[in-house]
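# Understanding the architecture of this molecule
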Amino acid sequence: MKKTVNDIKNLCNLLQYMSREAGLFSNGYISYISIGRYAKYVDLHFMNGSIYNFDSYTKAFLYDQLLRYAKNHLEKWDQKEKSKREKNRFNHAKRELEKIEKDL
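Everything quoted here is computed from the prediction, not taken from an experiment.

Another point: unusual backbone geometry. In this structure, Tyr38 is a non-glycine residue whose phi angle is positive, near 60°. Following the sequence through the fold, Tyr38 ends up in the loop between strand E1 (30-35) and strand E2 (41-46). The phi dihedral of Ala39 is positive, around 55°, even though this residue is not glycine.

The next point concerns the pairing of strand E3 (residues 51-55). Pairing geometry for E2 and E3, over 5 bridges, is antiparallel. Counted as the bridge partner of Leu44 is Tyr52 from E3. With antiparallel pairing between neighbouring strands as the criterion, E2 and E3 make up a hairpin whose turn holds 4 residues, including Gly49 at a positive phi of roughly 100°.

Relative to the helices and strands, Glu96 resides in helix H3 (residues 84-102). Taking C-alpha positions, Glu96 is 9.6 Å from Asn10, a pair spaced 86 residues apart along the chain.

Here the focus is the pattern of salt bridges. Pairs can form between side chains of opposite charge whenever their charged atoms are close. Summed over the entire model, instances satisfying the criterion amount to 3 salt bridges. A salt bridge links Lys71 to Glu101; its shortest N-O distance comes to 2.7 Å. Placement of the pair is Lys71 in helix H2 (residues 59-78) and Glu101 in helix H3, with a sequence separation of 30 residues. The exposure class of Lys71 is partly exposed, given its relative accessible area of 33%. Here Glu96 ties to Lys99 by a salt bridge, and the two come within 3.7 Å at their closest N and O atoms. Remark: Lys99 and Glu96 occur in helix H3; sequence separation between them is 3 residues, near one turn of the helix. The class for Lys99 is partly exposed, based on a relative accessible area of 46%.

What follows is about the side chain of Glu21. Within the fold, Glu21 resides in the loop between helix H1 (5-18) and E1. For Glu21, a relative accessible area of 4% translates into the label buried. Residues within four places of Glu21 in sequence aside, it is in contact with Tyr29, Trp77, Lys80, Glu86 and Arg89.

On to the confidence of the model for the chain. Looking at the chain, pLDDT values average 88 and 98% of them are 70 or higher. Mean pLDDT across the secondary structure elements of the chain bottoms out at H3, with 88, and peaks at E2, with 93.

Conventions we followed
Residues numbered from 1 in each chain as written. Predicted model: local features only at pLDDT ≥ 70, side-chain atom pairs only at ≥ 80, totals over all residues. Heavy atoms only, no water. Helix = DSSP H or I, 4+ residues; strand = E, 2+ residues; numbered from the N terminus. Pairing = 2+ DSSP bridges. Salt bridge = Lys/Arg side-chain N within 4 Å of Asp/Glu carboxyl O. Buried < 20%, exposed > 50% of the residue type's maximum accessible area, 1.4 Å probe, protein only. Contact = heavy atoms within 4.5 Å. pLDDT = per-residue confidence, 0-100.

Structure, rendered in structure tokens:
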């Protein structure tokens, strides 16, 4: 299935939503995400000034990299103790990720 820039943007929005959880990403919150022209790269800019770069020649491979990154951090979030509010946010992120995987 062909991946579009909007698919990559939706996945980046999910990553930014997940980053609001304290301690989930080792670098803190994602302050903003920059997506290169024609979605050739994605940069995650964290609050502490560090940048995590995803680079690819194809949108499909870039999408797979971002999806793997999101799954990894969702599993990490699942292992933490959660309050009721955190459980609701976790379940929302999990449903969104499952919906994205179903579209593959």
